[in-house]
Amino acid sequence: MPNSCSRAWSVASFAAVRSEAAKCPNVEVIAAGAGGDLQKAISDVNSWVAQGMNALVIIPDAGAPGAQLQSLQDATKQGVTVIPWGSDPAGAAGTDYVTYV
């Protein structure tokens, strides 16, 4: 589980992303935070993909580094543009997701 400093950073980053996305009327934002709960984070990604999400910008910081990789790979295989940022997702950019920022 991330420490309190990284959790605070994630919360602040999450707020910034929601603020910027709100400026784009053609973008429907699904904003959620798993609160460090790995199973919730994976379930959220799987649910969004099932609902037809086109793109996913995510801070994959639930669980150990790389713990969310399988759900990101699965989303990518389903045609979702996946861009993890702020927490190393493991895996390979260009294969498991578009790029890591």
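Everything numeric in this text was worked out from a predicted model, so none of it was measured.

## As for unusual backbone geometry
In this structure, Ala90 is a non-glycine residue whose phi angle is positive, near 70 degrees. Here Ala90 is to be found in the segment after strand S2 (81–84). Take Ala90: its relative accessible area is 29%, and that puts it in the partly exposed class.

## Topic: helix H2 (residues 38–50)
Under the 1.5 Å per step criterion, the end-to-end length of H2 is 18 Å for 13 residues, consistent within 8% with the ideal 18 Å. What H2 keeps buried is the set Ala41, Asp44, Val45, Trp48 and Val49. For H2, the buried positions fall inside an angular range of 130 degrees around the axis, keeping them on one side. Facing away from the buried surface of H2 by more than 90 degrees, the exposed residues are Gln39 and Ala50. The elements touched by buried residues of H2 are strand S1 (55–58) and helix H3 (69–77).

## Topic: the pairing of S1
Residues Leu56 and Ile58 line the buried face of S1, whereas the alternating positions Ala55 and Val57 sit on a face that is not buried. Bridge analysis of S1 against S2 gives four bridges, and the strand direction is parallel. Each residue of the ladder has a partner; that of Val57, found in S2, is Ile83. Each parallel crossover has a hand, and the one from S1 via H3 to S2 is right-handed.

Cut-off values and rules
Residues numbered from 1 in each chain as written. Predicted model: local features only at pLDDT ≥ 70, side-chain atom pairs only at ≥ 80, totals over all residues. Heavy atoms only, no water. Helix = DSSP H or I, 4+ residues; strand = E, 2+ residues; numbered from the N terminus. Buried < 20%, exposed > 50% of the residue type's maximum accessible area, 1.4 Å probe, protein only. Expected span 1.5 Å × (residues − 1). Arc of directions from axis to C-beta. Contact = heavy atoms within 4.5 Å. Pairing = 2+ DSSP bridges. Right-handed = clockwise from strand over helix to strand, strands pointing away.

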